[in-house]
Amino acid sequence: MAGIKALVGLSFFGAIGLTFLLLSCALDQYGVYWPLFVLFFYVLSPIPTFISRRLSDDSDVASNACRELAYFFTTGIVVSAFGLPIILARVALIQWGACGLVMASNAVIFFTILGFFLVFGGGDDFSWEQW
Amino acid sequence: MHMEQSMGVHNEHQKEKLRTMSGFLESIRCGDCECNVDWGERRNTIASIGAGVLFFTGWWIIIDAAVKYPDEATFHHAYHTCGVIATVAFLMINAVSNGQVRGDSYSEGCIGQTGGRVWLFIGFMLAFGSLIASMWILFGGFVVPKKPVVYPGIAVFFQNAFIFFGGLVFKFGRTEDLWQ
């Protein structure tokens, strides 16, 4: 079933993303665990979209202010997940190599989350019984 | 049922792809996913995402400057006010809808049409004011006194410029039409 294949594929990429993140912390030449703070942003990123889908059921109108606000905040969370490692590297709390690994992890994880929304959350009848 | 329909479309699409494989560029299609939205409906999404990128990039620029130069002498902490006012202006501008100001929305809202216009007016004045203030801070606070480190001034300017343009994109980049 396509649902299971997509699920396995997405979880694989999620694991790859988290591997990059842990590599940025745990490799011998890096050694500091500051990059794990982006996990906070990973967890936070789907929440505005969930809230807006729950609150409004008129998904057939072209403009939906609640959904657009959710996209705005989600973009902000994604930008923050990219901004934090850059700031950490700029003040030499982490090295630039670790920063690069965290950015790679960000890209993979956010594409995974986007993939989840496209594959499992899309459509007008978003419900919690998609599984 | 939605999944089976999209599976059917996917199979058709694969067969068609095999037929047109002779020119490999012909089989490249953009926007090939199963979501059936056109660019009209995408406009609001793109505007929201663009505004989010601009707004939050502005804030991360000032966070970067604040983290690099934490002492008061290089980066006077009162300069943060400019970005805060710009954010307040962003919220004010986007709190009222264009329809409410024009008078053609369904409900009057708490403050009515005139109240909406006054609110929008004040919001835009704060937005323009904070943009001008950021330029003043850059030139008056950093360039003219020939400070050794100019980066905080540039950061304040770019923060406010990004927040301002993010506000504009969020306000005017989205359409409020109920039907396209």
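Cut-offs used in this document
- Residues numbered from 1 in each chain as written.
- Chains lettered and ligands numbered in written order.
- Predicted model: local features only at pLDDT ≥ 70, side-chain atom pairs only at ≥ 80, totals over all residues.
- Heavy atoms only, no water.
- Helix = DSSP H or I, 4+ residues; strand = E, 2+ residues; numbered from the N terminus.
- Buried < 20%, exposed > 50% of the residue type's maximum accessible area, 1.4 Å probe, protein only.
- Contact = heavy atoms within 4.5 Å.
- Areas by Shrake-Rupley, 256 points an atom, 1.4 Å probe, with all protein chains shown as cover.
- UniProt positions renumbered as here; feature names shortened; annotations may be inferred.
- Buried area = accessible area lost by both parts, 1.4 Å probe.
- Salt bridge = Lys/Arg side-chain N within 4 Å of Asp/Glu carboxyl O.
- Polar contact = N/O pair within 3.5 Å; in protein donor to acceptor, adjacent residues only side chain to side chain.
- Phe/Tyr/Trp six-rings, centres within 6.5 Å; stacked < 30°, edge-to-face > 60°.
- Expected span 1.5 Å × (residues − 1).
- pLDDT = per-residue confidence, 0-100.

Notes on the overall build of chain A
- Of regular secondary structure, chain A possesses five helices and zero strands.
- If you list the helices and strands of chain A from N to C, you get α-α-α-α-α.
- The 131 residues of chain A split such that 41% are buried.
- For chain A, the share of sequence-separated contacts (at least 6 apart) that also reach a separation of at least 24 residues comes to 65%.
- In the structure as shown, chain A presents an accessible area of about 7200 Å², 72% of it carried by carbon and sulfur atoms.

Focus: the overall build of chain B
- Tallying secondary structure elements over chain B gives six helices and zero strands in all.
- Order of helices (α) and strands (β) in chain B, N terminus to C terminus: α-α-α-α-α-α.
- Relative to its 180 residues, chain B shows a buried fraction of 35%.
- Considering only intrachain contacts with a sequence separation of at least 6, the fraction spanning at least 24 residues in chain B is 70%.
- Entry remark: accessible area of chain B is about 11000 Å², with carbon and sulfur atoms responsible for 68%.

Examining the UniProt feature "transmembrane region" (unreviewed entry) in chain A
All names here are of chain A.
- The UniProt feature table records "transmembrane region" (unreviewed entry) at residues 6-25, 32-51, 71-93 and 100-121.
- The span residues 6-25 carries 100% helix and 0% strand; its end-to-end C-alpha distance comes to 29 Å.
- From the first C-alpha to the last, residues 100-121 spans 30 Å; its make-up is 100% helix and 0% strand.

Comments concerning the interface of chain B and chain A
- Across the boundary between the two partners, chain B contributes 26 residues, which contact 21 residues of chain A.
- Carbon and sulfur atoms make up 69% of the surface buried where chain B meets chain A, a total of about 2100 Å² over both sides.
- Across the contact surface, chain B and chain A share two salt bridges.
- Arg174(B) serves as the salt-bridge partner of Glu68(A), at 2.3 Å between the closest nitrogen and oxygen.
- Here chain B and chain A share five residue pairs in polar contact (both at pLDDT 80 or more) between them.

Some words on the packing of aromatic side chains
All names here are of chain A.
- Counted by the stated rule, this structure contains 23 aromatic pairs over all chains.
- Seen in terms of ring centroids, Phe82 and Phe110 are 6.4 Å apart; in terms of plane orientation they differ by 40°. Their pairing is tilted. Of the two residues, Phe82 sits in helix α4 (residues 65-90) while Phe110 sits in helix α5 (residues 96-121), which places them 28 residues apart along the sequence.
- Take Phe82: its relative accessible area is 26%, and that puts it in the partly exposed class.

Overview of the pattern of salt bridges
- Counting across every chain of the model gives two salt bridges over all chains.
- Among the salt bridges present, the one from Arg90(A) reaches Asp64(B), with a minimum N-O distance of 2.7 Å. Taken as a pair, Arg90(A) in helix α4 and Asp64(B) in helix α2 (residues 39-68) lie in two separate chains rather than in one.
- Judged by relative accessible area, Arg90(A) falls into the partly exposed class, the value being 29%.
- With a relative accessible area of 8%, Asp64(B) lands in the buried category.

Considering the side chain of Thr87(B)
- Mapped onto the secondary structure, Thr87(B) falls in helix α3 (residues 80-95).
- Discounting chain neighbours no more than four positions away, the residues touching Thr87(B) are Phe55(B), Trp59(B) and Ile163(B).

Brief notes about the environment of Gly9(A)
- Within the secondary structure layout, Gly9(A) lies in helix α1 (residues 2-26).
- For the pair Gly9(A) and Thr112(A), spaced 103 residues apart in sequence, the C-alpha to C-alpha distance is 9.0 Å.

A closer look at α4(A)
- End to end, α4(A) covers 37 Å across 26 residues, agreeing with the expected 38 Å (1.5 Å per residue, within 8%).
- Just beyond α4(A), the residue with positive phi is Ala92(A), at close to 60°.

Side note on the confidence of the model for chain B
- Mean pLDDT for chain B: 84, with 74% of residues reaching 70 or above.
- Complex prediction metrics read pTM 0.80 and ipTM 0.85.

So, the environment of Phe165(B)
- Within the secondary structure, Phe165(B) sits in helix α6 (residues 151-172).
- In this structure, the C-alpha to C-alpha distance between Phe165(B) and Leu131(B), residues 34 residues apart in sequence, is 9.9 Å.

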